[in-house]
Amino acid sequence: MLNLPLSNIRIADFGWMIAGPLATRVFANFGAQVIRIESTSRIDEIRVVGAKPDGIDSPNVAGVFNDINTSKLSMTLDLNTELGLSLAKHLIEISDVVTNNFRGDRMSKWGLDYGQLKKIKPDIIALSMPMMGSDGPHQHYGGNGINIIAGAGISGITGYPHRAPVGTGSLYPDFSGNPNHAAIALLAAIRYRNRTGKGQFIDLAQYESTISLLGTSVLEYTANNKIPDRPGNKSPNMAPHSVYPCKGTDRWCAIAVSNEQEWSNFTKAIGKPEWASQSKYSTMEQRKKHEEELDKKISSWTSSRDAYKIMDLLQNHGVPAGVVQDTKDLLTRDPSYTKTHVVDMAHPEVDSMKIHGETISISDVESKFDRAPLLGEHNDFVLGEILGIDESKIDDLYVSGVLR
Amino acid sequence: MESLNPPNQDTLLPYTILDLSEGGHNLCGRLLGDMGAKVIRIEPPGGSQTRLRGPFTPDSNGNDKSLYWAAYNSNKKGISLSLDTEAGRQILLSLVEQSDAILESFQPGYMDSLNIGFGTLIKLNPKLVHTSITPFGSTGPYAGFVSTDLVTSSMGGMPFVSGDPDRPPVRISFPQAELVAGSQAFAATVSALRHSRNSKNGQHVDVTEQISVIWTLMNATPFPKLHGTDVKRAGAFRKKGSIDARHVFKCADGHVSMMSQAKTLNGFIVWMLEETEVDEEILSFDIDNWDIKIDSDPDGKDATEFTRLEAAIENFLSKKTKTEIFERALSAGLLVAPCNTVEDIRQSPQLEARSFWIDVYHPEFGRDITHLGSYLKMSETPLKVYFPSPAVGSDNEEIFKSLGISKSKIDTLKKQGVV
């Protein structure tokens, strides 16, 4: 048995889609027993949508699902039956943490809101991650990552002026702040409970949590009454600062010159030392003023060259530059990523899966890293080993239809 | 004005943390401070470079009142210390002996070159957690790269999938790479502190911006392996199965973003029927099954119908305001949200009702600053802004006194430019 830092923690995970399950992933990978409580009648959509292998009709093979549920257990339970609900409560009684990311009052409809959970297990730690929070006039409003990108203001500052606010191509809040912040709160609450014996309720509004990533863009308004626009890739205090077209189709290199030394190095690197002595480029202010013209000149230099060669050349001259990598680049040619952070995972229904490794590496422990569970894969284990129910009674449960 | 009573150190996160990181990496220490850790922000006597980051307050003289500094360094004590001097490094080492963790974002190798790298520190304090936050990690071929948000985000793959297809890739304009790495660093540091307490073994924690960015596009990374294709930026559209579904719609006073799923599409038909005529044919569409069918049959009848309904909704929404659409979304449970500006966000009645905004007086700036409140509402251990960001060296006396350094010694060190 590996000595894992988060072992001896059991989480009853009612999370679905992305942000909820991703919050408990780190716990599962570092030794906690995370039990997904699922349903076959209302399958967690993330099991069936998004990238998945062609021609396999299964709730077990979707890429994102497998990525965000590593090392967890799955049990199926019909919570709309009395028996199903009582099994869930039985499980909660011996858990440390209960998590969900449903909207509004879903948990209280099952009698599983914090007030009720506390009666089942007085020192329980309950995490809710509804989009708008558990109180306030908009508490019943639901949505997913796409809606949060818009509502929390990310799309408002992303893209080009006079164009639609298209936001990010990934479901950014689902994968960044929201699950991270939830995991942080759980870690702290567990620490607190261990010291004081008290559990608590953590209410994480995904909307608020995502706004926090806009940081001082919001303060710019609260303090200075300015509404930031969509500036494309421009920076208020760096020039040149953009992505520049390179040789090939849809290839780009990001270049960001942040001070005068880098500017001088940049002009030498690309063989245009004369730019450094031109007064219209002599200071950051001047370069900002002539940015459009400068960007055109740089583009004509970059467009016939290989993006990776530009990166290496500029980095060798101490100039911040990096290829705008696509996902294939990340998986095939980025040494800092592929070596340690992509794992080939055996899977019973497909040849193998490429899964993101654990971002956190702790030097003297290994994280355990098992594939995501098949739907209901651990029903027998959870009922028999964890809840201690006799085999014959488990058979009865199957027959009763409550395990679906 | 919030109460300035610091939280009980013995409860939530009873640690002492040295924070030498810069920029958005300061979020890590800020979160630790929010949760009750004693965070000591160490900056050079001339002031941290993070203080040069805008935006600034309207009464700022040049760049002396950075809101960026205030946002990510509240709930920290502040001391000044020159690591370029032997005396300064000795003080750092004494602090390390009495601390649980150190956070830093220097270029890899920099601390080693000053003889204060992980190898030295862990000998002094075997339980120490040393968290490095860097663009590409402490080792590997890119470790020596210089970088900015645009560069690290690009290498992390985020801009490639973001923006209009007929324009260059685009980043989120408020720098994200440092911040996502900062929050990953928090989770890593707390995990490592837990391990250190159990095992008595400290360790080096290596957090990289690039990997943190890659995580934020998890819905894109399975594509090459599974389909042999890359997710490309699609502007106002998003893949639904293999068709492009519009998710950003223009409305009368801005834009909204919609999730094209059956319940929401049906909800729009109901709304349109209440106010206008709807094509008989559209009413006959079998919308309930689109979510699954369009996935498997991109060129079929369903996809054509889908496009037709989408056009009708586009036309309908163009005459509605953001508020009208949001109200409808609330009452009918539709997955549609306004593309809010920061002004819209500031005026949200939901955030008001949940007391999201907090005014904190910053003595250094001589004014109140409206902070974003905590997005974690913890019933037993509420998080607050307990005290404002420090001025350069504002807590020197208190901290150095705790190390047994006398007032006269501090004065001497000051003259030598050490503190």
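Residues numbered from 1 in each chain as written. Chains lettered and ligands numbered in written order. Predicted model: local features only at pLDDT ≥ 70, side-chain atom pairs only at ≥ 80, totals over all residues.

This part covers the overall build of chain B. Helix and strand counts for chain B come out as 18 helices and 14 strands. Seen through its principal axes, chain B has C-alpha atoms that stretch 90 × 50 × 45 Å. Counting across all 419 residues of chain B, residues that qualify as buried make up 55%. Residue pairs at least 24 apart in sequence account for 69% of intrachain contacts in chain B once pairs closer than 6 positions are excluded. (Helix = DSSP H or I, 4+ residues; strand = E, 2+ residues; numbered from the N terminus. Buried ≥ 20, exposed ≤ 12 C-beta atoms within 10 Å, placed from the backbone. Contact = placed C-beta atoms within 7 Å.)

Here chain A is described as being made up of domain 1 (10-213 + 374-400) and domain 2 (241-331). For domain 1 of chain A versus domain 2 of chain A, the distance between C-alpha centres works out to 44 Å. (Domains from an automatic or database assignment.)

On to the nonpolar core, then. Leu127(A), Ala185(A), Leu186(A), Cys253(A) and Val256(B) are the most contacted members of the largest nonpolar core, which has 228 residues in total. No other element matches the 11 residues that helix H7 (residues 177-199) of chain B contributes to this core. Not counting residues up to four positions away in its chain, the partners in contact with Leu127(A) are Val97(A), Thr99(A), Ala182(A), Ala185(A), Leu186(A), Ile202(A) and Leu204(A). (Core = buried A, V, L, I, M, F, W, Y, C linked by C-beta atoms within 7 Å.)

A word on the interface of chain B and chain A. Across the boundary between the two partners, chain B contributes 121 residues, which contact 122 residues of chain A. Of all the elements, H7(B) adds the most residues to the side of chain B that touches chain A, at 13 residues. Grouping the constituent residues of the side of chain B that touches chain A by class yields 67 nonpolar, 39 polar and 15 charged. Looking at chain direction, strand E6 (residues 200-204) of chain A and strand E14 (residues 376-378) of chain B are connected through three bridges and run antiparallel. Paired with Asp203(A) across the strands is Lys377(B), a residue of E14(B). (Nonpolar A, V, L, I, M, F, W, Y, C, P; charged D, E, K, R; others polar. Pairing = 2+ DSSP bridges.)

Within a regular strand, side chains alternate between the sheet's two faces. Residue and element names in this part refer to chain B. As paired elements, strand E12 (residues 357-362) and strand E13 (residues 367-372) share six bridges and run antiparallel to each other. Note on E13: the bridge partner recorded for Asp-359 is Thr-370. If you look at the hairpin formed by E12 and E13, you'll find four residues sitting between the two strands, and Gly-366 has a positive phi there, around 65°.

Okay, the packing of helix H1 (residues 19-29) of chain A against helix H8 (residues 177-196) of chain A next. Residues and elements named next belong to chain A. At a minimum axis distance of 8 Å, the contact between H1 and H8 shows a crossing angle of 50°. By the angle between their axes, H1 is oblique relative to H8. Crossing angle aside, the handedness with which H1 passes H8 is right-handed. Residues Ala-19, Leu-22, Ala-23 and Val-26 of H1 pack against Asn-178, Pro-179, Ala-182 and Ala-183 of H8. Residues of the contact of H1 with H8, tallied by class, amount to seven nonpolar, one polar and no charged. (Axes fitted to C-alpha atoms, helices over the stretch in contact; angles between N-to-C directions. Parallel < 35°, antiparallel > 145°, perpendicular 65-115°, else oblique. Left-handed = near helix turned anticlockwise from the far one by under 90°.)

The subject of this paragraph is the environment of Ile389(A). Residue and element names in this part refer to chain A. With respect to the secondary-structure elements, Ile-389 resides in the loop between helix H18 (379-386) and helix H19 (391-400). Under the C-beta neighbour-count criterion, Ile-389 is labelled partly exposed, with 17 such atoms within 10 Å. Setting aside anything within four residues of it in sequence, one finds Ile-389 in contact with Leu-383, Gly-384 and Ile-394.

Taking 1.5 Å as the rise per residue, H7(B) with 23 residues should run 33 Å; its terminal C-alpha atoms sit 32 Å apart, in good agreement. The element H7(B) is largely enclosed, with a buried count of 19 among its 23 residues. (Expected span 1.5 Å × (residues − 1).)

Let us look at unusual backbone geometry. Put simply, Ala239(A) and Pro240(A) share a cis peptide bond, and its omega is -5°. Assignment of secondary structure puts Pro240(A) in the loop between helix H10 (216-224) and strand E7 (241-245). Residue Pro55(B) is reached from Gly54(B) by a cis peptide bond, and omega for that bond is 0°. Topologically, Pro55(B) is positioned in the loop between strand E2 (38-43) and helix H2 (67-73). The backbone of Lys200(B) shows a phi angle near 65°, a positive value even though the residue is not glycine. Looking at the secondary structure, you find Lys200(B) in the loop between H7 and strand E6 (203-208).

Turning to the domain arrangement of chain B, a few remarks are in order. When its domains are assigned, chain B resolves into domain 1 (16-216 + 350-415) and domain 2 (236-340). Between the C-alpha centres of domain 1 of chain B and domain 2 of chain B the distance comes to 44 Å.

A separate point is the pairing of strand E11 (residues 350-356) of chain A. Residues and elements named next belong to chain A. Here strand E10 (residues 342-347) pairs with E11 via six bridges, running antiparallel. By the bridge assignment, Ala-346 is partnered in E11 with Ser-352. With antiparallel pairing between neighbouring strands as the criterion, E10 and E11 make up a hairpin whose turn holds two residues.

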